[in-house]
Amino acid sequence: MIKAVRGTRDLLPPDTALWNFVDETARSVFRAYNFQEIRTPVFEDTQLFARGVGEETDIVSKEMFTWEDRGRAQSEQGQLITLRPENTAGVVRAYIEHNLQTRGLNKLYYIGPQFRRERPQKGRYRQFYQIGAEIIGPPTSGSESPARDAEILELLATLLDRLGITGWTLQLNSIGCADDRARYNEALRKALDPVKDRMDPDCQRRAVTNPLRVFDCKVPADQPIIEKLPRISEFLDEPCRRHFEQVKDILRSVGVEFQENHRLVRGLDYYTRTAFEFTHGALGAQNAILGGGRYDGLSEELGGPKAPGIGFAMGEDRLVLALNKSAEEMQPKPNVYIAPLGPGMDRAAARLARELRQQDIIVELGDEGFRMKKSLETAGKLGARFALIVGEDEVKADSFALKNLATGEQVSVPRVELVQRIRRNE
Ligand code: AMP
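This write-up is about the structure you can find in this document. (Residues numbered from 1 in each chain as written. Predicted model: local features only at pLDDT ≥ 70, side-chain atom pairs only at ≥ 80, totals over all residues. Heavy atoms only, no water.)

### Details of helix α13 (residues 345-358)
Link 1 in the chain: Taking 1.5 Å per residue as the helical rise, α13 with its 14 residues ought to reach 20 Å, and the 20 Å between its terminal C-alpha atoms agrees with that figure.
Link 2 in the chain: Contact partners of the buried residues in α13: β12 (336-340), β13 (363-365), β14 (386-390), α15 (392-397), β15 (399-404) and α16 (418-423).
Link 3 in the chain: Just beyond α13, the residue with positive phi is D360, at close to 70 degrees. (Helix = DSSP H or I, 4+ residues; strand = E, 2+ residues; numbered from the N terminus. Expected span 1.5 Å × (residues − 1). Contact = heavy atoms within 4.5 Å.)

Okay, structure coming up:
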């Protein structure tokens, strides 16, 4: 038997109803905040991620699904193609490619699959889904303003509330501007130099290649060392410090709670200023439901114009795990089960089903080969509210037996009154 590849999975009904609930809620929240949808390809030139996510990151150094595109012309830049491990780089590429800066401030969202070769476990898959959004535009559009950071964070609090997800924590930090980071990195290197040999090999590697990433080390024995390292807050220059204060001020005034976490760093070079993560207690080891931050240098890094931006990516798989809802109850039940009785009745049943479905009534259609008993049993199993019986006499009279499956009561209803009766749930 051929099975789904490790780290991938089928989403089956009724669970897909939960996924649709999340998608629809997200779309409606995005609409209220005036975001528009963008869809970028699921694969891109490998260079995009090498430059846009960073060679030193775990994602690029070991988690990408990459292959050689043999059919591509030699003249085209790069020969390697990668399944997208995240969507921000693709959005910024599209922003540059289609000159979206001429539109001023762009507020874009996406929903779609991402791919990373990670060790599969609960809440961690090789094909997973992200819902994300970006606010990006030329500096004149206000894209640099702390009000945009706060807007994104407040949107996220609203979205989680609307999904009925409680018990989340917003962790917030500022990782400074380019100069602050350079000074901070130097200070970290200096502090790590005498102690790094005592650390776990993976943390040691980080200490050398990208010292900020040391804060992501989870090895318990290394924590006392990490706790004593200098903090980024001591290195923020005045504009950066002010930006962070303003973000926090707005959050307080709109009533969104947060925790400052000086260890929260997003170790990519282009990240600047605000960095954040929402975590959820019920998720176990993989407790981050979403992460994001400001990336004022990314567009330039990818060869585009100066275009400050901020965004987030939310793991939909984890969000669904954190939902406090049962899939069964989200799945709409048929309003009516139509039971054709006897030979030749499938045609009349199909006509009636078409009429009702055009009025948005959920209809399940039986089969003229079924006996009455089997039809009613099937209707009951499906959770239909009514059975509608279509026999020769009913067709002649143009009036049909409508049986309320909860009360057992049955009445004959003229065809033209059916929609109304069913809607009123009589
Ligand atoms: P990142 O792009 O790594 O900041 O991830 C953003 C969010 O995507 C995380 O907070 C997770 O919720 C989700 N995520 C990342 N990687 C995976 C994965 N392998 N499986 C499921 N969800 C993931």
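Now that the structure has been shown, we can carry on.
### Remarks on the packing of aromatic side chains
Link 1 in the chain: Considering all chains together, one arrives at seven aromatic pairs under this definition.
Link 2 in the chain: Ring centres of F43 and W67 lie 5.7 Å apart, and the angle between their planes is 70 degrees; on these two criteria the pair is classed as edge-to-face. A residue pair is termed long-range when its members are at least 10 positions apart, and F43 in strand β2 (residues 43-45) and W67 in strand β3 (residues 66-68) qualify at 24 residues.
Link 3 in the chain: Residue class for F43 comes out partly exposed when judged on its relative accessible area of 46%. (Phe/Tyr/Trp six-rings, centres within 6.5 Å; stacked < 30°, edge-to-face > 60°. Buried < 20%, exposed > 50% of the residue type's maximum accessible area, 1.4 Å probe, protein only.)

### Quick word on the pairing of strand β6 (residues 127-136)
Link 1 in the chain: Within β6, eight of the ten residues are buried, which leaves the element mostly enclosed by the surrounding structure.
Link 2 in the chain: Where strand β5 (residues 106-115) meets β6, ten bridges bridge the pair, whose relative direction is antiparallel. Residue N106 lies in a different strand from β6, and its bridge partner there is I136.
Link 3 in the chain: The pairing of β6 with strand β11 (residues 309-315) spans seven bridges and is antiparallel. (Pairing = 2+ DSSP bridges.)

### Section: the state of the cysteines
Link 1 in the chain: For the structure shown, the criterion picks out two disulfides.
Link 2 in the chain: The disulfide bridge from C177 ends at C240, spanning 1.9 Å between sulfur atoms. Linking C177 and C240, the disulfide has an S-S dihedral of approximately 95 degrees and is accordingly described as right-handed. With C177 in the loop between β7 (168-174) and α6 (178-192) and C240 in helix α9 (residues 238-254), this residue pair connects regions lying 63 residues apart in the sequence. With respect to burial, C177 and C240 carry one shared label: buried.
Link 3 in the chain: Residue pairing for C203: its cysteine sulfur links by disulfide to C217, the two sulfurs lying 2.5 Å apart. Of the two residues, C203 is situated in helix α7 (residues 201-209) and C217 in the loop between α7 and α8 (223-227); the sequence distance between them amounts to 14 residues. (Disulfide = S-S within 2.5 Å.)

### Observations regarding the environment of R116
Link 1 in the chain: With respect to the helices, strands and loops of the structure, R116 is situated in the loop between β5 and β6.
Link 2 in the chain: Residues R116 and E63 lie 53 residues apart in sequence; the distance between their C-alpha atoms is 5.1 Å.
Link 3 in the chain: If near-sequence neighbours (up to four positions away) are discounted, R116 is found in contact with I59, E63, F65, P85, E86, Y125, R126, F128 and Q130.
Link 4 in the chain: At a separation of 2.9 Å, a polar atom in the side chain of R116 contacts the main-chain carbonyl oxygen of P85. (Polar contact = N/O pair within 3.5 Å; in protein donor to acceptor, adjacent residues only side chain to side chain.)

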